[in-house]
Amino acid sequence: MHRSFYFIWLALFTTALLTTTVVADERSRLTVDRIYKSSDFNGKSFSGKWLPNSDEPSYTLVESGGIVRVNAESGEKSVMASSRDLTPGGLRPLRIESYAISGDHNLVLIYTNSKRVWRNNTRGDYWVLDRTSGQLTQLGGDAPPSTLMFAKFSPTNRHVAYVRDGDIYLEDCRTHEIKRLTTAQNEFIINGTTDWVYEEELGLRDAFLFSPDGSSIAYWQINTEGVPQFPLVNTLDSLYPKVRFFAYPKVGQTNPSCRVGVVDCETAVSTMVELPGDTRDHYIPRMQFVPNTSDAPQLLIQQLNRLQNTLRIFSADFGQANVSEVFVERDECWIDMHRELMWLDEGRQFTWMSDRSGWRQLYIASLETGVVRPVTTGEFDIVELLKVDEPNGLAYFIASPDSATERYLYRVNLDGNNLERVTPTDGPCIPGTHAYNISPNGQLAFHTRSSADQPNIVNLVRLSDAREHVTVSRLENNEKLVQAFRRLDREPAEFFRVTLESGVELDGWCIKPPNMDENKKYPLLVYVYGEPAGSTVVNRWGGSSYLWHLMMAQQGYVVMSFDNRGTKAPRGRAFRKAIYKKIGIVPPADQAEAVRKVLKERSYLDADRVGIWGWSGGGSSTLHALFKHPDLYKTGIAIAPVPNQRYYDTIYQERYMSLPHLNSAGFYEGSPIHFAKHLKGKLLLVHGTDDDNCHVATTEMLIDELVAHDKQFDLMLYPGRTHSIRERENTTRHLRRMMTEFVLENL
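Residues numbered from 1 in each chain as written. Predicted model: local features only at pLDDT ≥ 70, side-chain atom pairs only at ≥ 80, totals over all residues. Heavy atoms only, no water.

## Focus: the overall build of the protein chain
Secondary structure summary: the protein chain contains twelve helices and 43 strands in total. Here the C-alpha radius of gyration of the protein chain, 28 Å, is about what a compact globule of 747 residues would show, namely 27 Å. Over its C-alpha atoms, taken along the principal directions, the protein chain stretches across nearly 90 × 80 × 65 Å. Across the 747 residues that make up the protein chain, the buried fraction comes to 56%. Pairs at least 24 residues apart make up 58% of the contacts formed inside the protein chain by residues separated by at least 6 positions. Surface exposure of the protein chain reaches about 32500 Å², of which carbon and sulfur atoms provide 47%. For the protein chain, the separation between the mean place of its 82 positive charges and that of its 92 negative charges on side chains is 5 Å. (Helix = DSSP H or I, 4+ residues; strand = E, 2+ residues; numbered from the N terminus. Rg over C-alpha atoms; globule rule 2.2 N^0.38 Å. Buried < 20%, exposed > 50% of the residue type's maximum accessible area, 1.4 Å probe, protein only. Contact = heavy atoms within 4.5 Å. Areas by Shrake-Rupley, 256 points an atom, 1.4 Å probe, with all protein chains shown as cover. Lys, Arg positive; Asp, Glu negative; His and termini not counted. Charge placed at Lys NZ, Arg CZ, Asp CG, Glu CD.)

## Observations regarding the sheet that holds strand β4 (residues 77–81)
Pairing is antiparallel in the open sheet, where four strands are placed in the order β1-β2-β3-β4. At either margin of the open sheet sits one strand with a lone partner, and together these are β1 (49–50) and β4. Pairing of strand β3 (residues 66–71) with β4, which is carried by four bridges, proceeds in the antiparallel orientation. Looking at the pairing, V68 lines up with V79 of β4. (Pairing = 2+ DSSP bridges.)

## Comments concerning helix α4 (residues 479–486)
By the burial criterion, the buried members of α4 are L481, V482, A484 and F485. Considered in projection along α4, the buried side chains sweep an arc of 165° and stay on one side of the axis. Turned more than 90 degrees off the buried face of α4, the exposed positions are K480 and R486. (Arc of directions from axis to C-beta.)

## Overview of the side chain of E171
With respect to the element layout, E171 can be found in strand β11 (residues 167–172). There is no salt bridge for the buried E171, and the closest opposite charge comes from R164, which lies 8.3 Å off by N-O distance. For E171, the side chain forms a polar contact with the side chain of H176, separated by 3.0 Å. Every residue in contact with E171, bar those within four places of it in the chain, is listed here: Q138, L139, G140, G141, R158, H159, V160, Y162, H176, E177 and I178. (Salt bridge = Lys/Arg side-chain N within 4 Å of Asp/Glu carboxyl O. Polar contact = N/O pair within 3.5 Å; in protein donor to acceptor, adjacent residues only side chain to side chain.)

## Observations concerning the packing of aromatic side chains
Taken as a whole and judged by the stated rule, the model has 30 aromatic pairs. With centroids separated by 6.4 Å and ring planes inclined at 70°, the aromatic side chains of F230 and F246 adopt a geometry described as edge-to-face. Residue F230 is located in strand β16 (residues 229–234), and its partner F246 is located in strand β17 (residues 242–247); the two are separated by 16 residues in the primary sequence. By the burial criterion, F230 is buried, and F246 matches it. On the basis of an interplanar angle of 15° and a centroid distance of 6.4 Å, the ring pair of F380 and F397 is categorised as stacked. Residue F380 is located in the loop between β27 (372–374) and β28 (382–389), and its partner F397 is located in strand β29 (residues 394–399); the two are separated by 17 residues in the primary sequence. (Phe/Tyr/Trp six-rings, centres within 6.5 Å; stacked < 30°, edge-to-face > 60°.)

## Re the sheet that holds strand β31 (residues 420–421)
Pairing in this open sheet of four strands is antiparallel, and the strands run β28-β29-β30-β31 from one edge to the other. The open sheet has two free edges, formed respectively by β28 and β31, since each of these has just one partner strand. Inspection of the sheet shows strand β30 (residues 408–413) paired to β31 by two bridges, in the antiparallel sense. Among the inter-strand pairings, Y410 is bridged to a residue of β31, identified as R421.

That is the geometry; function is a separate question.
This is the structure in structure tokens:
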């Protein structure tokens, strides 16, 4: 080889090698921009819907701007609505945000042009495509854009009902004649949808349903008159601030009243159900029509008292114009509401979930006698009842008897025999979280599996044999995300348990720095939630939040999280309800003891560098940690906290803490604002000024308290942002960068 050519070749090769090394290093490291700005870690979800009333198991998908039907067994596709079919006036296709298909498959309902209402985009435009004629029509007549809510087909496949401006309307899908079914008497009355507190704390927003024959509609009627109003101030979008008020009942204050009405779709005449008790001191969290009732509609209505420890189940029979009590569920603490009521025996029986035995188990209740018999028994919690396959006498549910951090599919005979795990213990079914969407015939399911170190993968599986998890087809492999994640420099997440002095064990996870030297000392960053609405220690893919923790591990931090007593972990009633009347008391004590235990057991942790952060309830837990254990935690980030429990809403706070006059000491001890004077470490407070949930006003009260005690802290207010602090340009990236820099500087 010519000498000069050799040196040129060597230089080029070295440059290429260095370039490759740099690129590889960049691919192995995380940054805020890579997580929150680039598309490197964008995951895909599978949005298939099972098609009911289908001769062969089929599902539908949005594809190429239209909707296709897929034969689940063969994979053969057919177009149900093309993008051309969904193009009004020949301009451009409708953007499909959601859709529904009528029971006879002739009509397609498209939801588009949506607007956000509190948490979700629940107000928008609806269009109906008649597949036989090809006619595409917008519903609502002269309704302004984006003003219809919760449109749904009648069981007759002839009409669509929807809510507009707090009233229910019925529209004929052929003639498009519109009939107003309810008329609110004043501005405080809401028919067919709910107010803020019912939506936020009871998960109830779509608040009307058709009777099985489509002749009537049952609906919730909310009256917010007398409920104290809370202001939200918009300082960004006009020369002068704009103030809007909404009904927000704080602890101990006046609640909205709630009633149930049934309106005849032909006459538009409503009959109100008369339940016992004060409509302001009782909630109606759930109701359902009884299937296959003959002459007149029959409703099953659940009524919950204000303390939320007594749930009465009523049957309202409109044929005999009476309301009778079916049975009563009671608990010394509180009753968890659920949506797992499914009908059996042509409406004579229904499923019921309860932890009356000490564990969340499946029962079957008789509508006629009110007798409730157990189906499952044992020392494990059912996480979720998924399906009752009555023809085969089976019930399918999610549980994890051996590890509260994992989720698997089980099934049992309806007589209680032959409990078996359906998710296999080997092969592709990795330890972690397994979710299932089961087909109407109970033979197939969309199976989503993930773990902390494995992004979501979705397959279509056959459930006919519990000894085999036969994959029919692969639906979403998330290959790009999986490959990008595998390139990262990281250690696998560790799941473990910490035993407290009382003998109680807490689940935890740990992310260590790559190539960690256990002879060195590393700072510890704890991620906390701590309240009953959720848990943090679940072995599943955590998306961008998990990647941010992994990034902090790459920067030299050990990151941990613990599920204290009272979190929503499937570990039995005693564990979950140990914090009754003690939110803000038991959780921070458990968290602190867990931290002290791992500091003692793991010599590589630096006891002088312990930080903590959390959001919402986790923000409150962070304040408790810094104020009540100031010598343990040196740094904390509290995002959107509730410094004083007395200022949060009735349904949530009273459920777990009782009423203020019944638990005054608990409300005081459980509110971190009363302990602000003990702050020693570095605190960053973050809040959105448009937070309708945990109001910035309570953070302002905390600020005033900190100032009074001459406590220094950092503060970031995001104007115009809500509880999620994600609105407007660049917000999420800005927040995460600020959090990162604060931890790097102070821990």
